[in-house]
Amino acid sequence: MNTVLILGASSDMAVAIAKKLAGEGNNIQLAARNVERLKPLQSDLSIRHSITCTLHEFDAERSDQHAAFFMGLDPAPDVTICVFGYLGNQTLAENDWKECERTIQVNYTGAVSILNAAANHYAAKKAGLIIGISSVAGERGRQSNYFYGSAKAGFTAYLAGMRNRLFHHGVHVLTVKPGFVYTRMTEALTLPKPLTATPEQVAIAIDKAMKKKKNTIYVKWFWRWIMLIIKSIPEPIFKKLKM
Amino acid sequence: MNPMKQGPVKDIANWGNYPVMASEENTPVFLEDIRRYVTIPGTFIPRGNGRCYGDASLASRTICTTKFDKILSFDAGQGIFECESGLTLDRILEVVVPKGWFLPVTPGTKFITVGGAIASDVHGKNHHVDGCFSHHVREMDVLVADGRLITCGPQQETDLFEATCGGMGLTGVITRVRFQLKKIETSYIRQKQVKAANLEEVLMLFDKYKDYTYSVAWIDCLKKGRGFGRSILILGEHAAVSDLTPQQQKDPLQLPKKKQITFPFNLPSWVLNTFTVKAFNFLYYGKNFKKEINNTVSYEPFFYPLDAILHWNRGYGKKGFIQYQFVLPMESKQGLIEILQTISNKGLGSFLAVLKIFGKQESLIGFPMEGYTLALDIPVRKGLFETLDQLDEIVLRYNGRLYMSKDARMKPDVLEAGYPNLARFRSILHKYNPDQKLRSVQSDRLFLTHKS
Ligand SMILES: Cc1cc2nc3c(=O)[nH]c(=O)nc-3n(C[C@H](O)[C@H](O)[C@H](O)COP(=O)(O)OP(=O)(O)OC[C@H]3O[C@@H](n4cnc5c(N)ncnc54)[C@H](O)[C@@H]3O)c2cc1C
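Nothing here was measured: the structure is a model prediction, and the numbers come from that model.

Each value, and the rule that gives it
- Residues numbered from 1 in each chain as written.
- Chains lettered and ligands numbered in written order.
- Predicted model: local features only at pLDDT ≥ 70, side-chain atom pairs only at ≥ 80, totals over all residues.
- Heavy atoms only, no water.
- Contact = heavy atoms within 4.5 Å.
- Buried area = accessible area lost by both parts, 1.4 Å probe.
- Salt bridge = Lys/Arg side-chain N within 4 Å of Asp/Glu carboxyl O.
- Polar contact = N/O pair within 3.5 Å; in protein donor to acceptor, adjacent residues only side chain to side chain.
- Helix = DSSP H or I, 4+ residues; strand = E, 2+ residues; numbered from the N terminus.
- Nonpolar A, V, L, I, M, F, W, Y, C, P; charged D, E, K, R; others polar.
- Domains from an automatic or database assignment.
- Near = heavy atom within 4 Å.
- Areas by Shrake-Rupley, 256 points an atom, 1.4 Å probe, with all protein chains shown as cover.
- Buried < 20%, exposed > 50% of the residue type's maximum accessible area, 1.4 Å probe, protein only.
- Core = buried A, V, L, I, M, F, W, Y, C linked by side-chain atoms within 4.5 Å.
- Expected span 1.5 Å × (residues − 1).
- Axes fitted to C-alpha atoms, helices over the stretch in contact; angles between N-to-C directions.
- Parallel < 35°, antiparallel > 145°, perpendicular 65-115°, else oblique.
- Left-handed = near helix turned anticlockwise from the far one by under 90°.

Undergrad: Mind showing me how you'd approach the interface of chain B and chain A here?
TA: Reports of interface size often rely on the accessible area that becomes lost once the parts have come together. Contact with chain B, which involves 22 residues of that partner, is made by 16 residues of chain A. Of the roughly 1600 Å² buried at the junction of chain B and chain A (both faces included), carbon and sulfur atoms supply 55%. There are three salt bridges connecting chain B and chain A. Note that Asp12(A) is salt-bridged to Lys67(B), the shortest N-O span being 3.1 Å. Applying the counting rule to chain B against chain A returns five residue pairs in polar contact (both at pLDDT 80 or more). Taken together, the elements giving at least two residues each to the side of chain B that touches chain A come down to α1 (31-39), β5 (71-75) and α2 (89-96) of chain B. Per-element accounting of the side of chain B that touches chain A gives the leading share, four residues, to β5(B). Split by residue class, the side of chain B that touches chain A holds ten nonpolar, four polar and eight charged.

Below is the structure:
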């Protein structure tokens, strides 16, 4: 029985992942800023799947505490999944450094500081799995969300580099780019149905990719092609587009 | 995007697909989200899984509990179960059946939420023995219009408790429920099916078998003359281990296999009717069907025969259908005959109806009372509502009432005449929902809100 740490456990996607992996018989550690409200999820997973589920207070913005947080987990998780993210407000962030910094901190710096701790632990143990939820927004900077996008681009590159390093220690790293997902964050938006996944679909895709040791996955397959097209538009043209 | 909007606006309808309306849907995950959605300006109605048939959980804004669905505790020794209100019965069964427990009361579909089970105060085939769902509730939390979370139950805050059981979501949002399960030895049902040649006989059989925990009859509404009211009475008891085959005894609490097909699109309504009639006739006249059949079946086909086909309601076509369900007091057998005759004479298009006997019940606003209850599906078409108004008149003449959870069209005076405790119900609503913040298309139509 493996123990899976889920960082940023309050989001719809994290809840779906927790349910799926608990259903597969894993013990679950739920880490979030506000753990009080995760108590119902904790009891639900434990009762439904006869597994152990624990709650851990964790703040993605407090990078200085991350190494100690990870070392304090008992047992140390066999799988670490970084789900937290912060979309931020692009226009606000253009003028407000706090908003901009927060976007970078949560999506990049905070993810790096916590996963560094996991990586070192797994490298020493020569076993483990790290999963990072990045974003298709990181594949090319666009005017509508380039703070978020660039932080995710950094995160994607970080995961790729770490995969390269940890491969030699028998540790695997999986990068997930979900595309559009129906969540509380997006519930007021009208999303194109064929391109939008449910949190449950994301969870199923992750579970499958874990078992098959995939490197990078998109949840809905056409995203791979869409991003290929977006990436291949020449910059002189791309910069004129309103995207 | 409208910054005031908290959720997407969608066209929604309940199980009868009538009426359909655009509604803003809020889907909270945490209690604090529910509180926020309740206290922001604007009216709304709580919504579960949309399995009521008519307009009870329709409004221009709904707070939908389907993501508020966690199990909070389960005492497998005492059979006490506690959960958030959006948990559906199918998910409960998955957890409790393998531990030797069953739902104390279940309607004919397992795809309803616990909140919906209380707000409609649902009944099952065991009403004459076990009463309604609310009889098994020990305690629950209701988040009322001003944002307070109130714990109520049969012994505390009883006015809120009584008005919430069967109160169609108008007192507040039920958030947490703790209820008592029923002990079972196996997940199987010992079933007895008995053919009855006519209405007289089926009523007699109901009486003869009144000690059975579960009973219900399917009536052929088209048959006239001597066979008027011919039916199949279906009885059941939870099977003991000794009732099972050696194979079944290896895992007496086994969950039924998940087999489901989805009805893919709306069909013209005659298709489903033809199908149900054929199925009935097959059972009734089938070579193998003796006067009486006794067998042991899994709980699934016994309680939820229709759940095997997801979205079977699409079989009634785009215009939707009405489920008409009423109850008449025991002494009004003549009323039952009159209504069945009217249905058959008007060729209402419903061939099958479900008949059940309710036991004694005192409640503030709940539907059941001792007597006969009949439910039938009728596709929406021109002239239907006038005909149903005529049926309502017969129901009232015989001191009966209609089930709000199935209703999409009754007139306010029909409600008024059928439910003697409305004044007290309204005064409790006035206490907890003073500004009529919680209101549905149905409550406005029935003047439970809007006018007093
Ligand atoms: C095939 C089928 C068979 C059925 N058989 C039976 C039967 O045998 N016996 C029976 O009694 N009923 C039966 N029903 C009706 C069904 O059980 C009820 O309508 C039930 O209330 C539906 O629950 P829901 O979760 O889908 O809620 P909805 O249909 O969404 O809402 C129903 C009512 O409950 C209120 N409500 C929902 N959640 C909450 C909450 N958290 N807090 C406060 N109010 C809430 C709504 O406002 C609304 O008034 C059947 C329905 C179907 C489709």
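Now, onward.
Undergrad: Explain the domain arrangement of chain B to me, please; I cannot follow it from the model alone.
TA: Residues and elements named next belong to chain B. Domain annotation for chain B reports domain 1 (9-64), domain 2 (71-184) and domain 3 (188-416). A C-alpha centroid distance of 20 Å is found between domain 1 and domain 2. If you look at the interface, domain 1 gives twelve residues, while domain 2 gives 17 residues. Of the roughly 1100 Å² buried at the junction of domain 1 and domain 2 (both faces included), carbon and sulfur atoms supply 73%. The interface formed by domain 1 and domain 2 contains zero salt bridges. Broken down by secondary-structure element, the contributors of at least two residues to the side of domain 1 that touches domain 2 are α1 and β3 (45-47). Across the side of domain 1 that touches domain 2, the residue classes tally to seven nonpolar, three polar and two charged.

Undergrad: Where do I start with the site of the ligand in this structure?
TA: Residue and element names in this part refer to chain B. In the neighbourhood of the ligand, 34 residues make up the surrounding shell, with Pro46, Arg51, Thr113, Ser120 and Ser405 lying closest. For the ligand, an oxygen atom lies 3.1 Å from a polar atom in the side chain of Ser57. Here the ligand, which alone exposes 970 Å², has 96% of that area covered by the protein. Where the shell around the ligand is concerned, the elements lending two or more residues are β3, α3 (114-119) and β10 (173-180). Residues belonging to the shell around the ligand are distributed by class as follows: 15 nonpolar, 16 polar and three charged.

Undergrad: Help me understand unusual backbone geometry, please; the structure alone is not making it clear to me.
TA: Residues other than glycine predominantly adopt negative phi, and peptide bonds predominantly adopt the trans conformation. Cis geometry marks the peptide bond from Asp74(A) to Pro75(A), where omega comes out at 5 degrees. Considering the arrangement of structural elements, one finds Pro75(A) in the loop between α3 (66-71) and β4 (79-82). Cis peptide bonds are those with omega within 30 degrees of zero, and the linkage from Tyr18(B) to Pro19(B) qualifies with -10 degrees. Positionally, Pro19(B) belongs in the loop between β1 (9-13) and β2 (20-26). Despite not being glycine, Ser50(A) has its phi angle at roughly 50 degrees, a positive value. Locating Ser50(A) in the fold gives a position in the loop between α2 (39-49) and β3 (53-57). Exposure remark for Ser50(A): the relative accessible area of 55% places this residue in the exposed category. The phi dihedral of His311(B) is positive, around 60 degrees, even though this residue is not glycine.

Undergrad: Whenever I open this one, the nonpolar core confuses me. Can you help?
TA: Soluble globular proteins: nonpolar side chains tend toward being buried together. Counting residues in hydrophobic clusters, the biggest one holds 117 residues, and the most contacted among them are Phe81(B), Met140(B), Phe179(B), Leu336(B), Leu355(B) and Leu374(B). Excluding its chain neighbours within four sequence positions, the residues that come into contact with Leu374(B) are Ile219(B), Tyr324(B), Gln325(B), Phe326(B), Leu336(B), Leu340(B), Ile343(B), Ala353(B), Val354(B) and Leu355(B). Leu129(A), Ala197(A), Ala203(A) and Met210(A) belong to the second largest nonpolar core, which has 39 residues in total.

Undergrad: What's the story with helix α10 (residues 333-346) of chain B in this structure? I'm lost.
TA: Three or four residues apart is the spacing at which side chains of an α-helix point the same way, because the helix has 3.6 residues per turn. Residue and element names in this part refer to chain B. The terminal C-alpha atoms of α10, which comprises 14 residues, lie 20 Å apart, in line with the 20 Å expected from a rise of 1.5 Å per residue. Listed in full, the buried residues belonging to α10 are Gly335, Leu336, Ile337, Ile339, Leu340, Thr342, Ile343 and Ser344. In the core, the buried residues of α10 are packed alongside α6 (199-208), β13 (214-220), β18 (321-329), β19 (352-358), β20 (371-379) and α11 (384-397). Within two residues after α10, Gly347 carries a phi angle of roughly 55 degrees, on the positive side.

Undergrad: Mind showing me how you'd approach the environment of Glu157(B) here?
TA: Inspection of the secondary structure puts Glu157(B) in the loop between β9 (149-152) and α5 (158-164). In this structure, Glu157(B) is in contact with Ile150(B), Thr151(B), Cys152(B) and Tyr432(B), ignoring residues within four places of it in sequence.

Undergrad: Even after reading the chapter, I still don't get the packing of helix α1 (residues 12-23) of chain A against α2(A), so can you show me in this structure?
TA: When two helices pack together, their arrangement is captured by the angle between the axes and the distance separating the axes. Residue and element names in this part refer to chain A. One can describe the packing of α1 onto α2 by two numbers: an axis separation of 10 Å at closest approach and a directional angle of 20 degrees. The pairing of α1 with α2 is recorded here as roughly parallel in orientation. In this structure, α1 meets α2 at a crossing whose hand is right-handed. Contacts between α1 and α2 involve Val15, Ala18, Lys19, Ala22 and Gly23 on the former and, on the latter, Leu41, Leu45 and His49. The class makeup of the residues in the contact of α1 with α2 is five nonpolar, two polar and one charged.

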